[in-house]
Protein chains: 2
Amino acid sequence: MGALPQLFAVALLLIHSNLAQASSTPSDCGGSQVCRKTEPYKTASLTPAERANDLLKRLTWEEKIGQMGGIRAAFRSINGSVAFNRTSFEQIRSTQNGQIGYGQQANWAMDLLPRMNELRAEQINGSRLHIPYITVADSVNGLWFSGGTVFPGTISMASSWNLPLYEQVIAASRDENLAMGINWVLSPEVDIIHDPRNGRNGEMYGEDTYLVGEFGTRYIKTMQEKDDNGFVKVATTIKHFVFGSGSGGVNRASMFGGINHILNDLAPPYRKAIREGQPLSLMASYSSIDGVPASINKYLLQDVLRGILGFKGLIMSDANAIQYLLTESKVARTRSDAAVKSLQAGLEHELKPDGLGLFVELRSLHSNKEIASLVDEAVRAMLQIKFATGMFDQPLPTIENMAATLRNPRHLLLNRNITRESIVLLKNDDAFLPLTKGLLSGSGKVAVIGPYADLINAGNYAPVDPADPRYGNSFLRSFENALGKENVLYAQGTSTVLPNYDHDAQAKDQAAISFAVDKAKQAGLAVVVLGSGYGNFMPEFFNNERTDTEGYSHADLGFPGAQQQLLDAILNTGVPTILVMSAGQTFVINQSTSRCKAILHSWLAGEYSGDSLVEILLGQVNPSGKLTVSIPDHNGAFPVAYDYLPSDDVGGFSTYTKYDWHWPQLTRKPAMPFGYGLSYTNFTISEVSVSTSGTGSNRTIDVSAKVTNRGKMGGKEVVQVYFRPQYSIIERPVMKLIRFSKVSVAVGSMEIVEFDRIALTELGFYVNGEWTVEEGNYTFWVGSSSRSSDLTPVNVVI
Amino acid sequence: MGALPQLFAVALLLIHSNLAQASSTPSDCGGSQVCRKTEPYKTASLTPAERANDLLKRLTWEEKIGQMGGIRAAFRSINGSVAFNRTSFEQIRSTQNGQIGYGQQANWAMDLLPRMNELRAEQINGSRLHIPYITVADSVNGLWFSGGTVFPGTISMASSWNLPLYEQVIAASRDENLAMGINWVLSPEVDIIHDPRNGRNGEMYGEDTYLVGEFGTRYIKTMQEKDDNGFVKVATTIKHFVFGSGSGGVNRASMFGGINHILNDLAPPYRKAIREGQPLSLMASYSSIDGVPASINKYLLQDVLRGILGFKGLIMSDANAIQYLLTESKVARTRSDAAVKSLQAGLEHELKPDGLGLFVELRSLHSNKEIASLVDEAVRAMLQIKFATGMFDQPLPTIENMAATLRNPRHLLLNRNITRESIVLLKNDDAFLPLTKGLLSGSGKVAVIGPYADLINAGNYAPVDPADPRYGNSFLRSFENALGKENVLYAQGTSTVLPNYDHDAQAKDQAAISFAVDKAKQAGLAVVVLGSGYGNFMPEFFNNERTDTEGYSHADLGFPGAQQQLLDAILNTGVPTILVMSAGQTFVINQSTSRCKAILHSWLAGEYSGDSLVEILLGQVNPSGKLTVSIPDHNGAFPVAYDYLPSDDVGGFSTYTKYDWHWPQLTRKPAMPFGYGLSYTNFTISEVSVSTSGTGSNRTIDVSAKVTNRGKMGGKEVVQVYFRPQYSIIERPVMKLIRFSKVSVAVGSMEIVEFDRIALTELGFYVNGEWTVEEGNYTFWVGSSSRSSDLTPVNVVI
């Protein structure tokens, strides 16, 4: 226990609103019972808007500005213990006290909750109107800090293409957050993966706007589910408005504008989420768009977001984004200028990782009526979220509930299940997998090789020390558990990331690679685990040379360091080799890599990544993941997404072309396409039907198909529906996903998959901000991936 | 002579206008002298606009549509001879007869002119109103077909940074075109090099809008210079409005929109050229911009081009672009729909390489008043160009003038001079170059190695058979001429382009590389010439696997095929090695390449590329070229242009960074920056002064600096001035070029370089279409490249 033990016991006995009422002082309303009863903001039966309006009127100017910021990281982690600095805490709290965050990932939940409850109680007791904080946290793999279930990263979960399962996982994640008193998360990230170099792609769902919109909307609906008292469980933050193609794949870099691009290529997940999920908040992106940083881009935040897309919630800045207006973009002259410009553009809350925020500068601008009015709007939005989530009415979270909720067995099972479905089998020559007893019986041994074999690579936002067994089994450990330690010959082969130009390291690598080659030959079968990654609180683990993570862009789409060299050395022995990729990114699949008997991508799977991989390798689980991003065939061969514009693929003169694979010219033919992924069984999709019914704008489209399992193992197939108008007033992609469904089909059995009543309006797109639907000839495709050989086309007139 | 000998003698005796008048038939005006004299369009003293207005009234609907197209390629080349197909010619001419083009590059000027004159005379005699064609040609390296001076490609000439010399070269190119009766060229291409993968970059000037605008405007002014009779010598076509970053570096691919991006990042050369050069025509790009193909992008062609930028000339399509609306972009339902939409958007002339154009469909739309009015505008624009260039008044070109003009000794000397200045010395360890007698005296021999050593690589638009000595000396031949054949040991080493995945070819390469290694060891000194390229009429020469050229995009920024392997093999011997790059692109300069003692880039130099390289290697010429494009340090590390936005370079967390060179994250630090290039002498730039004078919007900035030659050889230095506002309302680049000047400085001497009266308005930029100039703090830099260590900063308040 730290500096605040005396408050702890008190806090746990009270609920927020009781505390607030109990501590009302006579100065508030003369101490009369009547007064306390009639304060509308304390009346839970009123709407959040009504309560917020009432409370807003009672706030001083400084209290209002206080609500527009918060304390991003209440606690630090020093030598494995929770640390708290009262001085710096108070410095921030005195001017920024709307929300609070837990801080570093290395801390453990059981150490954090009692201390956070102390701070919460202190704020309720110690502030003039007893306004509670709301606790805000990142939530990608579940809890931001240690001690919860470590779910897979976003790209992993999306690779399952299993929306109902995803909802269950998010419900578990929500309940773990809620158990820690986290009522507001900084997810979902619905940015579209447009550039394979972006180190943050693993935090995103994929390259397709429909798929991202489906997952993002489910996330919001599940998090924001209402409890029995009608309170939103956990408010969400849809982000980053708007991002998808920062220059060079750099996270904070500039983006091109163009209203059709923004609305059709980036905004569709927002459109769906705003209409169907109503996220309570939204985060503006770091990027400047057409030269105007999102934080001061009034056109983008007002005309596009509020106007065209209809967003009604709170708009917050990304961390430090207001400051960057001054220090990086140089579009503000002073801190105050940056604060005013971003407020005027539409920012209502500032996220600041440390130190004083820039909205604090607004304290001196009370007399400016425009600013006063904008501040009222901003604070009203904040208070509404607090009332909606029951901050004034619900009890503080208890240790008992935390203990019962975090790592609940049901959560762990859900985690296993989604991990199993998130691994994608990309290649499986001659049904090399699953490994049969026969294959293993040569020497009876398997060589496990590669720098990613003995760690957990769950992503930048996962609270995981990659080498600490408390966070789960590495693949190596899982395989040893399954086969017996004596049957697994391990060689790291090279370090996680090692620059080729370090000559000493190169020599060390050569020795390590030779050692690995020996192991492979000895075993007669090799599983090589390569990748790229980053553990947020273990940068030194990755030799300070990260390729994945926020803020990093990898120019090279190959494996970092000497990993390809290691793989080639193993393949050159002729030993049958299985490649497992581990990363939040795709890696080029080239002619050399293609010599592997089998290739799997395990993305940024969580604590069960090792176990699930072993289950798949041994045939205990039939893989069912599918790519949500296309994999290029060459370094530099991007953009590679399946939904390119038709004029993007007309580079060459076919008469001069000798190969199907046009290496020297960029083609849009990826090594592995969006939607692709293999199973151990054989599915056929047949009896594809597309029909229309209804009239006028009420017309709908029905799509159905039959999925038959003609193989020898039960499994799951993802049926995908794509479409394209054969004429449109502006260029439209060569195909767009419009529905998908994952179905389980028993051996020798079949299932009918039906997508009923797809509304005509769903075929539309924006032209200069107007939603437009074309009539005429359309092509629909139904099949198991976006590759034309996996699809059945149907032409219809609509 | 072909099908039309009988017309030839007649045609040469007549000038266009005389012929037209002499052949006026009584049906035109009853045969009266008065009538002939008073037809205003025949009166040379009237303005082109007046004459065009008069003639327009006299045209039938079909004659009008005829002027909106032409015959792109009158002649073919079959087995080295000019071929003419009367049937297909007449099929096109009957509906498209505004302009005519010569056709294939392999034909020779002396064979072409008489035959073209026959067709010209035939059209004048045979058409109802005796309206001549105007002859249109591409002109990048000079004449489009064989027989003229083969100047360097655009990127080469820009690398000279020598505007006065460039003007002289363009004047020579103009006179050679004019001698062939070419009065209209499809240049300059002022597209900005934004993506190093684009196979067309060699046709462009560089990555900087100011530099491109300067060269492009000089091109226009020189080409459109008026003759003694007041006629424009050669009309120009500024293009491609607007292009610069087609998706994936693909020429015809889609681009992002955003009005600030278009106006600030792409349009500045148009702005300057339209204001100062007044190009008579402009070509719309192939690209769709924000989803709307340029050919139907009314906003782009009307609001932006005509409105904001003030363009008044004729707008033409790119070749086949109207057809692609139907077949590729699918934004038109029929040929007629494509023609109407592009006409309505602003296209006035159709470029069609073969077959019937789509504007022909307008023939059936006479009764549509809107279309009739737009057609009148289009035809008026075409006729004005014909009157402005004297098509109705000037004689047909003569054989005598052609013989005296093409390859005139003065042209050849200019060609040598600009080639000498266009080669860039990128690296020169320990003053390894120039090669002294001592260095050559080891074995007395030099090994010349590489697939680009024995060919001329002048670019896609150059009429050059790369291996035919009639088109100039290869580097190998020039070096043999200089040193004696017996002193040059040649090994091709590998083919021009050979995919790594062809195993037979790989084996062949290994043998060829071993052979080259032996030659290098034998000589003790190696010059390795590597590159990428394409000769337009010799595709088979490049193994059908081109990387440079229109329509091609190279995903890989390394040398194609086994060339890097060849270079590494040579470097591994320890033999001192000079690398010469030959291409219209940049190649990654990596740790391996950096082992070369010296590196030069010769770009797409013309017929004197070999001679000039030898002169530089031997110290007879002091290199003075500078990069107009930045060279990346890693495959995939782009965009790399020096004028990035400040927020584009904030990817990483410096506390975790061990190296200056952040390999895993994309930084904007190129291997070699824009403006960079070495000399054999040492220049210092000192006494930098930046001052302002005047008041209000009349304020101007004066910049001056002293250049001193402290070395042992006379030479030329390019003084460059950059600037940046320290605050602006939208994000502006970290620096922008605003002036440059190339000065010649004798040994031990100095020159003062002054840039006087830079207008305040030149510091401006567009914000949502409005020209904006910031007041306040500015930084100016003066120096020899865009690299900060080569620059002196000066802060001024404006």
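Residues numbered from 1 in each chain as written. Chains lettered and ligands numbered in written order. Predicted model: local features only at pLDDT ≥ 70, side-chain atom pairs only at ≥ 80, totals over all residues.

Student: Any chance you could explain the overall build of chain A here in plain terms?
Tutor: A count of helices and strands for chain A gives 24 helices and 26 strands. A burial count over chain A gives 60% of its 798 residues as buried. (Helix = DSSP H or I, 4+ residues; strand = E, 2+ residues; numbered from the N terminus. Buried ≥ 20, exposed ≤ 12 C-beta atoms within 10 Å, placed from the backbone.)

Student: What am I meant to see in the sheet that holds strand β26 (residues 791-797) of chain B here?
Tutor: Sheets are built from strands that pair by backbone hydrogen bonding, the pairs being arranged parallel or antiparallel. Residue and element names in this part refer to chain B. An order of β21-β20-β25-β26 is seen for the four strands of this open sheet, with the pairing classed as antiparallel. Two strands in the sheet have a free side with no partner beyond their single neighbour: β21 (736-745) and β26. The average angle at which neighbouring strand axes cross in this sheet is 20°, direction not considered. Sheet topology places strand β20 (residues 715-725) next to strand β25 (residues 777-783); six bridges connect them, and they run antiparallel. Across the sheet, the residue bridging to Y722 is W781, located in β25. (Pairing = 2+ DSSP bridges. Axes fitted to C-alpha atoms, helices over the stretch in contact; angles between N-to-C directions.)

Student: For this particular structure, what's the right way to read the packing of helix α5 (residues 48-58) of chain B against helix α17 (residues 369-388) of chain B?
Tutor: What describes two packed helices is the angle between their axes and the distance between those same axes. All names here are of chain B. Packing of α5 against α17 leaves a shortest axis separation of 8 Å and a crossing angle of 130°. Judged by the inter-axis angle, α5 sits oblique to α17. Read as a crossing pair, α5 and α17 show a hand that is right-handed. Residues P48, A49, R51, A52, N53, L55 and L56 of α5 touch α17, and the partners they reach there are D376, V379, R380, L383, Q384, F387 and A388. Looking at the contact of α5 with α17 residue by residue, the classes come out as nine nonpolar, two polar and three charged. (Parallel < 35°, antiparallel > 145°, perpendicular 65-115°, else oblique. Left-handed = near helix turned anticlockwise from the far one by under 90°. Contact = placed C-beta atoms within 7 Å. Nonpolar A, V, L, I, M, F, W, Y, C, P; charged D, E, K, R; others polar.)

Student: So what exactly am I meant to see when it comes to the sheet that holds strand β8 (residues 281-284) of chain A here?
Tutor: All names here are of chain A. Overall, parallel pairing links the three strands, which are arranged β7-β8-β11 in an open sheet. This sheet does not close on itself; its edge strands, each paired only once, are β7 (237-241) and β11 (314-316). In this sheet, adjacent strand axes meet at a mean angle of 25° when their direction is disregarded. Bridge analysis of β8 against β11 gives three bridges, and the strand direction is parallel. Bridge pairing links L282 to I315 in β11.

Student: Is there a simple way to explain the UniProt feature "domain: Fibronectin type III-like" (unreviewed entry) in chain A in this structure?
Tutor: In this numbering, the UniProt entry assigns the feature "domain: Fibronectin type III-like" (unreviewed entry) to residues 717-786 of chain A. In the segment residues 717-786 of chain A, helix accounts for 0% and strand for 60%; the C-alpha atoms at its two ends are 14 Å apart. (UniProt positions renumbered as here; feature names shortened; annotations may be inferred.)

Student: What is the right way to look at the pairing of strand β16 (residues 577-582) of chain A in this model?
Tutor: Along any regular strand, the residues point their side chains to alternate faces of the sheet. Residue and element names in this part refer to chain A. Counting buried positions along β16 gives six out of six residues, so the element sits mostly inside the fold. Sheet topology note: the strand β15 (residues 526-531)/β16 ladder contains six bridges and is parallel. Residue pairing in the sheet places V527 in a bridge with I578 of β16. Across four bridges, the pairing between β16 and strand β17 (residues 598-601) is parallel. Looking at the pairing, I578 lines up with A598 of β17.

Student: Even after reading the chapter, I still don't get unusual backbone geometry, so can you show me in this structure?
Tutor: Following F638 of chain A, the chain continues into P639 of chain A via a peptide bond in cis, with omega recorded as 0°. Turning to its location among the elements, P639 of chain A is positioned in the loop between α24 (609-617) and β18 (683-693). Of the consecutive residues K239 of chain B and H240 of chain B, the connecting peptide bond is found in the cis state with omega at -10°. Within the secondary structure, H240 of chain B is located in strand β7 (residues 237-241). If you check the backbone angles, R757 of chain A has positive phi at about 55° while not being a glycine. Its location among the elements puts R757 of chain A in strand β22 (residues 750-759). For R757 of chain A, a count of 11 C-beta atoms within 10 Å puts it in the exposed group.

Student: Even after reading the chapter, I still don't get the environment of H261 of chain B, so can you show me in this structure?
Tutor: Relative to the assigned elements, H261 of chain B resides in helix α12 (residues 259-266). The spacing of H261 of chain B and I78 of chain B is 183 residues in sequence and 46 Å in space, taken between C-alpha atoms.

Student: I tried to follow the packing of helix α10 (residues 163-179) of chain A against helix α19 (residues 409-422) of chain A on my own but got confused; where do I start?
Tutor: Residue and element names in this part refer to chain A. It is the contact of α10 with α19, at a shortest axis distance of 10 Å, that shows an interaxial angle of 140°. If you check the angle between α10 and α19, you find them oblique. Helix-helix and strand crossings are classified by hand; for α10 and α19 the assignment is left-handed. When α10 is examined against α19, the residues L165, Y166, Q168, V169, A172 and E176 are found in contact with a partner set consisting of R410, H411, L414, N417, I418 and E421. Here the residues of the contact of α10 with α19 are counted per class, giving six nonpolar, three polar and three charged.

Student: Sorry, what's going on with the confidence of the model for chain A here?
Tutor: Note: predicted coordinates in regions of low pLDDT should not be interpreted at a detailed level. Residues and elements named next belong to chain A. The share of residues in chain A with pLDDT of 70 or more is 90%, and the mean pLDDT across the chain is 90. Ignoring residues within four places in sequence, the model shows residues 1-35, a span with pLDDT below 50, making 50 contacts including any to other chains. A low-confidence stretch, residues 651-665 stays under pLDDT 50, and its non-local contacts, those more than four residues away or across chains, total 31 contacts. Two numbers describe this predicted complex: its pTM, 0.94, and its ipTM, 0.92. (pLDDT = per-residue confidence, 0-100.)

Student: In this structure, what is going on with the environment of I131 of chain A? I would like to understand it.
Tutor: Residue and element names in this part refer to chain A. Looking at the element boundaries, I131 is found in the loop between α8 (109-126) and β5 (134-137). Looking at I131, the number of C-beta atoms within 10 Å reads 25, which means it is buried. As a C-alpha pair, I131 and N97 span 34 residues in sequence and 9.3 Å in three-dimensional space.

Student: Would you mind going over the environment of S187 of chain A with me for this structure?
Tutor: Inspection of the secondary structure puts S187 of chain A in the loop between β6 (182-185) and α11 (209-223). Those residues in contact with S187 of chain A, other than ones at most four positions away along the chain, are S139, V140, Y219, T236 and T237 of chain A.

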